[in-house]
Amino acid sequence: MTINQIVRNTVEKLKADGKVWTPDIYAETFCSEAKKAGVVVEDCGGIDRYMPLLDKKMLDEVKQYRVRTTAELIRFLISKLSRLNPSVASELVELLSALAKKMAQSIDVLHNPEASALAKKTISILEMQGGATQIELLKQAWSNFLSIYDDTFLMKLSAYTEVDLNNLKKTIDGLNVSSNDASSSDYSKMAQLIIASLVPSIAPSMNDYTTKLSQKLQDNADYITSEECEKEIKTAITMRISLDKQSVEEMIKTLDILLEKLSSQLIQLIERSENSTIEIREVKRDLESLETNKPSDFKSAHKRLYSIASTLEEKVEILSKDLKVHNDHVVQMGKKIATLEAELATVTQASREDFLTKLYNKRAIEEHLSIKEAEYERHGRSFCVAMLDLDHFKAVNDTYGHDAGDAVLIAFAKILKDEARTSDIVGRYGGEEFLAILGDTDMAGAKIFCEKVRSHVEAAHFMYQGQRIALTASIGIAQRSDYPSLKGLINGADEWLYSAKRKGRNRVEPA
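Predicted model only: the values in this text are computed from it and were never measured.

(A) Highlighting the packing of helix H16 (residues 402-419) against helix H17 (residues 443-459). Here H16 crosses H17 at 140°, and the two axes come no closer than 10 Å. The angle between the axes of H16 and H17 places the two elements in the oblique class. Our pair here, H16 against H17, has a crossing hand that is right-handed. Judged by residue contacts, Phe-412, Ile-415, Leu-416 and Glu-419 of H16 engage Phe-449, Lys-452, Val-453, His-456 and Val-457 from H17. Counted by class, the contact of H16 with H17 contains six nonpolar, one polar and two charged residues.

(B) Representation of the environment of Tyr-187 within the structure. The residue Tyr-187 is located in helix H9 (residues 184-198) in this model. Overall, the relative accessible area of 6% leaves Tyr-187 in the buried class. Taking C-alpha positions, Tyr-187 is 6.0 Å from Asp-222, a pair spaced 35 residues apart along the chain.

(C) View of the environment of Ile-78. Note on placement: Ile-78 falls in helix H4 (residues 70-82). Classification of Ile-78 as partly exposed rests on a relative accessible area of 42%. Between the alpha carbons of Ile-78 and Asn-327 there is a distance of 9.4 Å; along the sequence they are 249 residues apart.

(D) Fine view of the pairing of strand S2 (residues 425-430). Among the six residues that make up S2, five are buried, leaving the element largely enclosed by the rest of the structure. Pairing geometry for S2 and strand S3 (residues 433-439), over five bridges, is antiparallel. Bridging across to S3, Gly-430 finds its partner in Glu-433. A loop of two residues connects S2 with S3, the two strands running antiparallel in sequence, and Gly-431 in this loop sits at a positive phi of about 60°.

(E) Region of the structure containing H17. Given a rise of 1.5 Å per residue, 17 residues ought to cover 24 Å, and the 24 Å separating the end C-alpha atoms of H17 matches this to within 8%. Those residues of H17 that fall on the buried side of the exposure criterion are Met-443, Ala-446, Phe-449, Cys-450, Val-453, Arg-454 and Val-457. Burial along H17 is one-sided: seen end-on, the buried residues are contained in an arc of 135°. Opposite the buried face of H17, by more than 90 degrees, sit the exposed residues Ile-448 and Ala-459. In this fold, the buried residues of H17 make contact with strand S1 (383-390), H16, S3, strand S4 (462-464), strand S6 (473-479) and strand S7 (508-509).

(F) Up close: the sheet that holds S7. An order of S2-S3-S1-S6-S7 is seen for the five strands of this open sheet, with the pairing classed as mixed. The open sheet has two free edges, formed respectively by S2 and S7, since each of these has just one partner strand. Both S1 and S3 contribute to a ladder of seven bridges, which runs antiparallel. Looking at the pairing, Met-387 lines up with Leu-435 of S3. The strands touched by helix H18 (residues 486-502) within the sheet are S1, S2, S3, S6 and S7, with S6 carrying the most contacts at an inclination of about 145°.

(G) Fine view of unusual backbone geometry. Here Glu-509 and Pro-510 are connected by a cis peptide whose omega angle stands at 0°. Relative to the assigned elements, Pro-510 resides in the segment after S7. Non-glycine residue Arg-505 carries a positive phi angle of around 65°. Tracing the backbone shows Arg-505 in the loop between H18 and S7.

(H) Main features of the packing of aromatic side chains. Under the defined criterion, the tally for this structure stands at one aromatic pair. With 4.9 Å between their ring centres and 75° between their planes, Phe-412 and Phe-434 make a pair best called edge-to-face. Of the two residues, Phe-412 is situated in helix H16 and Phe-434 in strand S3; the sequence distance between them amounts to 22 residues. Phe-434 shares its class with Phe-412; the two are buried. A cation over a ring is seen here: Lys-362 above Tyr-429, with NZ or CZ 5.0 Å from the ring centre.

(I) Seen up close, the nonpolar core. By size, the foremost hydrophobic cluster in this structure holds 35 residues, and its most contacted members are Leu-388 and Val-457. Taken together, the elements giving at least two residues each to this core come down to S1, helix H15 (393-400), H16, S3, H17, S4 and S6. Take this core: its biggest share by element is seven residues, from H16. Among residues more than four places away in sequence, those in contact with Leu-388 are Phe-412, Leu-416, Glu-432, Glu-433, Phe-434, Leu-435, Ala-436, Val-453, Ser-474 and Ile-475.

Definitions and cut-offs
Residues numbered from 1 in each chain as written. Predicted model: local features only at pLDDT ≥ 70, side-chain atom pairs only at ≥ 80, totals over all residues. Heavy atoms only, no water. Axes fitted to C-alpha atoms, helices over the stretch in contact; angles between N-to-C directions. Helix = DSSP H or I, 4+ residues; strand = E, 2+ residues; numbered from the N terminus. Parallel < 35°, antiparallel > 145°, perpendicular 65-115°, else oblique. Left-handed = near helix turned anticlockwise from the far one by under 90°. Contact = heavy atoms within 4.5 Å. Nonpolar A, V, L, I, M, F, W, Y, C, P; charged D, E, K, R; others polar. Buried < 20%, exposed > 50% of the residue type's maximum accessible area, 1.4 Å probe, protein only. Pairing = 2+ DSSP bridges. Expected span 1.5 Å × (residues − 1). Arc of directions from axis to C-beta. Phe/Tyr/Trp six-rings, centres within 6.5 Å; stacked < 30°, edge-to-face > 60°. Lys NZ or Arg CZ within 6 Å of the ring centre and 35° of its normal. Core = buried A, V, L, I, M, F, W, Y, C linked by side-chain atoms within 4.5 Å.

Structure below.
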C-alpha cells in the first residue's frame, strides 16, 4: 500500500468518526492507518523515540506538563533552553576577577620588588578589563618570574645557623650570633636582615610590638647582642607568624566561599543540560570533588580552577555543535508541521463553524473549554460559562415557520457578537441554546455581560416579513472555581438556566 492510499484512508476515517482535524489528531489517525497497512513511517514513532534519551529529572518534568506529542516536546525543550540564564557566567567571571585582584594585592605587600611590580601590573590590567592578549602576556610574565626567582640569598645565614628554605621561622630561631666574632658593621647587616624577616610575608602590615622592635634595631644595631633582644625577636616572630596565619585563614575563607558558589552554580548550570554529553558530566564530577576536597593553598586552588574552566570551555563548545545539529532537525520538523497545518486549515475551519449563525459550533466550543480547563489546572486562571436560551422559541417556529426561526437565531447570534469582548468565546450549543465562555471573568463581570444580552434581546425588534416577533432570553451562569470539574461547571450553568426558566423566564440566574 502506498503513502497516498494511507492518506486517503486517513481522511475517510476522520470523516467517518466526525473528529476535529487538528494536526495531532490527523497524525494519530494517519499513524494508525499506516500501522494497519504494515507500513513503517519514521515520524509515527512520536515522543516515545525521544523519551529514553531524557534523564529522570527531565522525564518527570515532561510527564508533569503532560507532553504528549512531538511538537509539544520540542516546544518544551526550546523553553528549557531559553530559560538558561547567561548572567550566571558573567557573575562567575566577575567573582574570579575580584579573587585574582585580591591575590595580586596580597602579593604586592611581599618583600620581593619583582613580585610586587608584577602584582601591580596585574591589578591594573584587571581594573582596565584587558583583553586576551594582555592577559596572556601577563601570564607569561608570571611564568618568567617563577622560573628565574632565586631565594639563595637566604644562604648567607648559613654561617650562623642551618638554613631551611621552607621554614623561615626555624632558620631565625636557630640563629647563633656571638658578640665576640661580630663587628658593629656585622651587627648592622644582621639587624637589617632581622628587620626584613620580621615583616609579615602575607599580612598587610606589622603590629605595634614588631614595629617598635624594628625601630630599636634600626637605631642601635648592637642591641642585637642583648638577651632582651633575643626574647623580643622570638616574641616578634611568633606575632608575625600569627599575623600571617590569620591573613591566610581569612583569604582561604574567602576562597572557600568563592569555590562553593562557583561549584554550586556551575553544577546547577550543568544539571539543566544533564542529557547533554558524558564529558559535561565529568566536569560536574570535578566540581563536586573540588567542593569535597577543598584546596589548602592559593596555587593549587588556581591550578584546579583553571583546569576545570578549560575542560568546561572545551565541552561546552562540543555541546553547542550538537545543539546546532538538533536545531536543524527541529527546523525540518517545523516545516513538515506547517505543511500539514496548511493542508488541514480549510477543513478545520469548516468543521468548527455553525452553518446558520456563523458562530462556533458545539465541537469548537468544547475545544475552547478544554483549553480553558488546561489553563485553570496549570495556572489557576478561573473563568465563567453562561448558558443562554431563547424563551418560547418553539412557538416562533410553530407560528411563523422555520424560516422565521432561522432569522431569529441569526439575529440573536449578532447580539451575542456585539456584546462579547474580543477575548470572549460564543457559540451555538444546540437548537436555540447558546454558550458563552468568559475568560478571566468572575461572577460579577459575567452577570454584567449576561444582563446586557438579556436587555438587548428584550428591547430588540425581531422582524420577519413585516411582522415584529417579541422575544426574551433566559441565562444561567457558573464560575469554574465553584465546581470540582469541567463537566460539573457545564451542568451547573445548565441548572441555573432552568432555574431562570422556572422563575418566569427573561432573567439571569443566579440573580
